[in-house]
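Each chain is listed here by its residues.
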Amino acid sequence: SSGGGKLSRLGDVNVAVSVDGGVSWVSLADAFTYFDPSDVPLIREVTPRFTSVSEHSPVVTVQAQNVAPTKELGCDWGAAGRRAGAYVGGGAVRCEVPAAEMGTELSLRLTTDGVHFSDTFAKAVAVFDSTAPALAAEVVPAAIPLGRSVSVRVHARNVAPTGNVFCEVVPAADSSERFVKLHSGGAGGESGSNEARLLVKGTVVDSSAVSCVLPAFASPQTLEVAISLDGLPHPGVRGARLAVFDPSQPAGVTSVSPAYGDYAEPPTVTLRGYNFAPTPGGEMCCQFGERLTAVARFVSATEATCVAPRAAAAGSAQVRLSTAGCDARQPDASSALFTFFDRRTSPTVLDVEPPVVALGSRELLKVRVKNAAPTPGLSCQFESLGSSPAFFRGVGLVECVAPVTDVSRTVSVSVSRGGGLSLPEAEDMEDGSETHRTLTLVDLKSAPPAQECAPRVAPLGQGALVSVLGHNFAQPRSADMLLCKFGEAGTSVAIFVRTTVVRCEAPRSVEARTVPVSVSLDGGKSWGPSTASFSWWADGEAPRCDSVSPKAVHLGGGEVVRVRGKGFAAIGDELQCVLGGVAVPAALNAEGDVECVTPSSPVPTSLSVFVRVHGVACAEAIEARLTLYDVLSPPEVYSLSPAFVKVDEGGELRVRGSNFAPMPRLACSLGADIGQVPAIFISTEEVRCVAPAWPSNAIVPVRVTHDGSAWSGFAPELAYYRPPKLSALSPVGGDLLKETLVLVRGSNFFSERNGDNVYCALGPKLRAPSLEELRATTPTSASVVSSTSAALGVRRRMV
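Going along each chain's sequence as written, the residues are numbered from 1 onward. Only residues with pLDDT of at least 70 are given local features in this predicted model, and only at 80 or more are side-chain atom pairs given and counted; all residues enter the totals for whole chains, interfaces and linings. As a convention, hydrogens and water are excluded, and side-chain values are obtained from all of the structure's heavy atoms.

### Concerning the overall build of the chain
Okay, so step 1: Helix and strand labels come from DSSP, where a helix needs a run of H or I of at least four residues and a strand needs a run of E of at least two; each type is numbered from the N terminus. Looking only at helices and strands, one finds three helices and 67 strands in the chain.
Okay, so step 2: Each residue is placed in one exposure class: buried if its accessible area under a 1.4 Å probe, protein chains only, is under 20% of its type's maximum, exposed if it is over 50%, and partly exposed if it falls in between. A burial count over the chain gives 41% of its 799 residues as buried.
Okay, so step 3: Any two residues whose heavy atoms approach within 4.5 Å at even a single point are treated as in contact. At a minimum sequence separation of 6, the contacts of the chain that also span at least 24 residues come to 63%.
Okay, so step 4: Accessible surface, the chain as shown: approximately 40100 Å² in total, 52% of it carbon and sulfur. Each accessible area is a Shrake-Rupley result for a 1.4 Å probe, and residues are judged covered by the shown protein chains and nothing else.

### Structural notes on the sheet that holds strand 57 (residues 651–658)
Okay, so step 1: Strand order in the open sheet formed by six strands is 55-57-60-59-58-62, with antiparallel pairing between adjacent strands. Strand pairing shows two members of the sheet lacking a second neighbour, strand 55 (636–641) and strand 62 (703–705), which therefore form its edges. Between one strand axis and the next, the sheet turns by 35° as a mean value, whatever way the strands run.
Okay, so step 2: Of the pairings in the sheet, the one linking strand 55 to strand 57 comprises five bridges and is antiparallel in character. Pairing of S641 across the sheet is with R654, part of strand 57. We call two strands paired when DSSP finds no fewer than two bridges between them. Angles run from 0 to 180 degrees between N-to-C directions of axes, and those axes are lines fitted to C-alpha atoms, restricted for helices to the stretch in contact.

### Concerning the environment of T268
Okay, so step 1: Relative to the elements of secondary structure, T268 occurs in strand 23 (residues 268–274).
Okay, so step 2: Separated by 40 residues in the primary sequence, T268 and A308 place their C-alpha atoms 5.9 Å from one another.
Okay, so step 3: With near-sequence residues (within four places) excluded, T268 lies in contact with S257, P258, C306 and V307.

### Side note on the packing of aromatic side chains
Okay, so step 1: Pairing of aromatic rings covers Phe, Tyr and the six-membered ring of Trp, with a centre-to-centre limit of 6.5 Å; geometry is then stacked below 30 degrees between planes, edge-to-face above 60, and tilted otherwise. Scanning the entire structure with this criterion turns up eight aromatic pairs.
Okay, so step 2: Both rings, one in Y260 and one in F341, keep their centres 6.2 Å apart while their planes meet at 45°; by these two values the pair is tilted. Within this pair, whereas Y260 is found in strand 22 (residues 260–262), its partner F341 is found in strand 28 (residues 336–341), the two being separated by 81 residues in sequence. There is no split in this pair, since Y260 and F341 are both buried.
Okay, so step 3: Residues F644 and Y721 carry aromatic rings whose centres are separated by 6.4 Å and whose planes lie at 85° to one another, so their mutual orientation is edge-to-face. Taken together, the positions of F644 in strand 56 (residues 644–646) and Y721 in strand 63 (residues 717–721) put the pair 77 residues apart, joining distant regions of the chain.
Okay, so step 4: Judged by its relative accessible area of 30%, F644 falls in the partly exposed class.
Okay, so step 5: Put simply, the rings of F288, F338 and F340 touch in pairs and so form one group of aromatic residues.
Okay, so step 6: Working rule: Lys NZ or Arg CZ, within 6 Å of ring centre, within 35 degrees of ring normal, means a charge sits over the ring. Here the guanidinium or amino end of R109 rests over the ring plane of F117, the centre of that ring lying 4.2 Å away.

### Details of a nonpolar patch on the surface
Okay, so step 1: A cluster of nonpolar side chains, contributed by V15, L28 and F32, occupies part of the molecular surface with about 270 Å² of accessible area.
Okay, so step 2: Relative to the helices and strands, F32 is located in strand 2 (residues 26–34).
Okay, so step 3: Look at F32 and you get partly exposed, because its relative accessible area is 41%. Two distance rules govern patches: like charges are joined within 9 Å, and nonpolar side chains (Val, Leu, Ile, Met, Phe, Trp, Tyr) within 5 Å, applied only to residues with over 30% relative accessible area and no salt bridge. A pairing counts as a salt bridge when a side-chain nitrogen of Lys or Arg comes within 4 Å of a carboxyl oxygen of Asp or Glu.

### Focus on the nonpolar core
Generally speaking, a soluble globular protein has its nonpolar side chains buried in company with each other.
Okay, so step 1: Throughout this description, the term nonpolar core refers to a set of buried Ala, Val, Leu, Ile, Met, Phe, Trp, Tyr and Cys residues connected via side-chain atoms within 4.5 Å. Residues I144, L214, F217 and I227 are the most contacted members of the largest nonpolar core, which totals 27 residues.
Okay, so step 2: If you list the elements that add at least two residues to this core, you get strand 11 (135–140), strand 13 (150–157), strand 14 (166–171), strand 15 (180–183), strand 17 (198–206), strand 18 (209–214), strand 19 (221–228) and strand 20 (240–245).
Okay, so step 3: With four residues, the top contributor of residues to this core is strand 13.
Okay, so step 4: Leave out the neighbours within four places in its chain, and F217 touches I144, L146, G147, V180, K181, L182, H183, L223 and V244.

### Structural notes on the pattern of salt bridges
Okay, so step 1: Following the criterion strictly, the structure yields 21 salt bridges and no others.
Okay, so step 2: Where R197 meets E168, a salt bridge forms, and the shortest distance between an N and an O atom there is 2.6 Å. Highlighted residues: R197 in the loop between strand 16 (191–195) and strand 17 and E168 in strand 14, separated in sequence by 29 residues.
Okay, so step 3: Notably, a salt bridge pairs R562 with E595, separated by 3.3 Å at the nearest N-O pair. Highlighted residues: R562 in strand 48 (residues 560–566) and E595 in strand 51 (residues 594–597), separated in sequence by 33 residues.

### Some words on the pairing of strand 61 (residues 698–701)
Okay, so step 1: Alternating residues of strand 61 divide into A698 and V700, all buried, and I699 and P701, none buried.
Okay, so step 2: Note that strand 61 and strand 63 share four bridges and pair antiparallel. The partner of A698 across the bridge, within strand 63, is Y720.

### Brief notes about the pairing of strand 31 (residues 364–370)
Side chains on a regular strand alternate between the two faces of the sheet.
Okay, so step 1: What you see with strand 31 is a clean split: L365, V367 and V369 sit on the buried side and L364, K366, R368 and K370 on the side with no burial.
Okay, so step 2: The pairing of strand 29 (residues 348–353) with strand 31 spans five bridges and is classified as antiparallel. Bridged to V352 within strand 31 is V367.
Okay, so step 3: Looking at chain direction, strand 31 and strand 35 (residues 397–401) are connected through five bridges and run antiparallel. Across the sheet, residue L365 finds its bridge partner in strand 35, namely C400.

Right, dumping it as structure tokens:
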């Protein structure tokens, strides 16, 4: 006990206990924490300040003042939610970081009582992706003088303090230089060493910038500065451009902003660079390529503006600044790229490289595209796999990262410029970008298995175009690398259709035989496993299935079914029935048909039926399907769609349930007055029947039978109705901020037993939402007062 005294210092204290009157003590270090509940915590520091999207439940340590291990100790991450905090002593709290997208900067507040919070610690944690590279966007300054060491700041996405952060300097991709030319350090400015790639230690400024001190360079050159998070070079990652200039040389342009515009209505652009100065007696001029020019306005030695000229069509041009008039050309002067695009039409993808990537690889894609521009919303779209940001790399080229999926598939690739970049009359055209090329994502570590062929048979002496079904198929970089092998009969080049289908030409064979079919992605070096086969048969010998009888049998098994067809000449183990993928023994009867015994099934189901002869299944399966159902139980009905039909019209009904079977007396009952109508079998879970026209409003139960005697129990209701007619509203106006009860008068109103069929819609655009949508949003509820009036409560949220 402290004897009732107070401590003026906040924080942890030891707790000691004496049982001998204070002669000796047993203590616990920092076991009790003093804090001021009338005040809020004060955050001092957060470590680490970065987490990766690939981490599972990352945790940071928050050093703070006036915190204690209370039950309500919590970490509030703003819109990302609140997490419980764990006090670890010494004013430190451990907080779990919520999941967030790459580039998110999370702010943090602490609370000890769940009600009062500390001041917001802005940008407490930045989220990056440790599996992806840092993507440099801009170097500031964008131009540096030769002959001196300069500190620059590289702005990028996905920056994190990994401990091995470097600035990676290389010659620009479009530069003729192949080496970075360094200054020797002597007074004469002579050239020193030449480096193909230069790594300079960097310092992380924040989640979007790295600073580094670049060495002195020996000659004017255009470089690219990228960021390495592991201290290693990354040849495939492009950097931001940096110009090294000689102050004694003409004006050089390092950037143009905006770097894009509609070719018919170009914007005013700002040129930034070096050596900008109006020449006495001359005129500053922006030069767009070799022919287009515009008068420039001087702003400073590093900035000028001009209105971009109109172009004849979409395209890109190098922009230079002349200080001696528009006719003075200096093709060697530094320039920046400006892109004219047509916002009336969508970007068109011409090519994707590489066309095949490994699952989960996040490989960088080069997408060649027409009519793209370096807009803020530029992105690559991958159908249902979503999108990824795209980076404009030059005329007709953007780069983006392949999407992540764990299933082999082929997706169309399109490029979108983002919102707000289409003219009003072209909005419909901009809603979806036109797609022309695809990307295939496959497991490159596994050979593609072949599972089935269609067709499976060809006559002797003839070939056939065969579709091979399987998975993990891909289009190799060279077309002749994708092959099909038909056992010892031969090999042919395959045509990629999608990740589950390739097509190839089966060779001719003069002898009757069956061979396995396999697929190779590497030109025949390795072949995938195969359960597919292809056969050559003499005329009239190939098996063919026509029908099966009976169409439905009891699911308990042991029923004999008969398959009719041709080519069933085999006996013994060479003749089998395949029922839904399960092979069972078969035998020929006196009529030449095949008979086999059905297996059991735990639930009603419909099976495909094939006869396999010498390992080859039927070439066709016309009407060869068998339904297993429970003959001891009637069918069950779960739902009905639609649940409403108009009087005097009727309509087709879709009845969902279970234990349906294609029996001769399969029928629907629509109550005692309307009676029975024939039903069409779709599957064990669906039948369809046609509700006949009826002269008046009615609500009837719908049931299903197999034999006309045993009917389903539960009966959803079908309503015959006449469309309502509206005549008056009372009142006709209401307070925008309050609910108003409105009485609608008319005719033909009716209410179901549960009253779920009556809705009202208010607003300039009336529409008929689905029943599920209406129940979810409940824009306006209504109740039937009589057949000629309905009351509704108008809510502020309207449809």
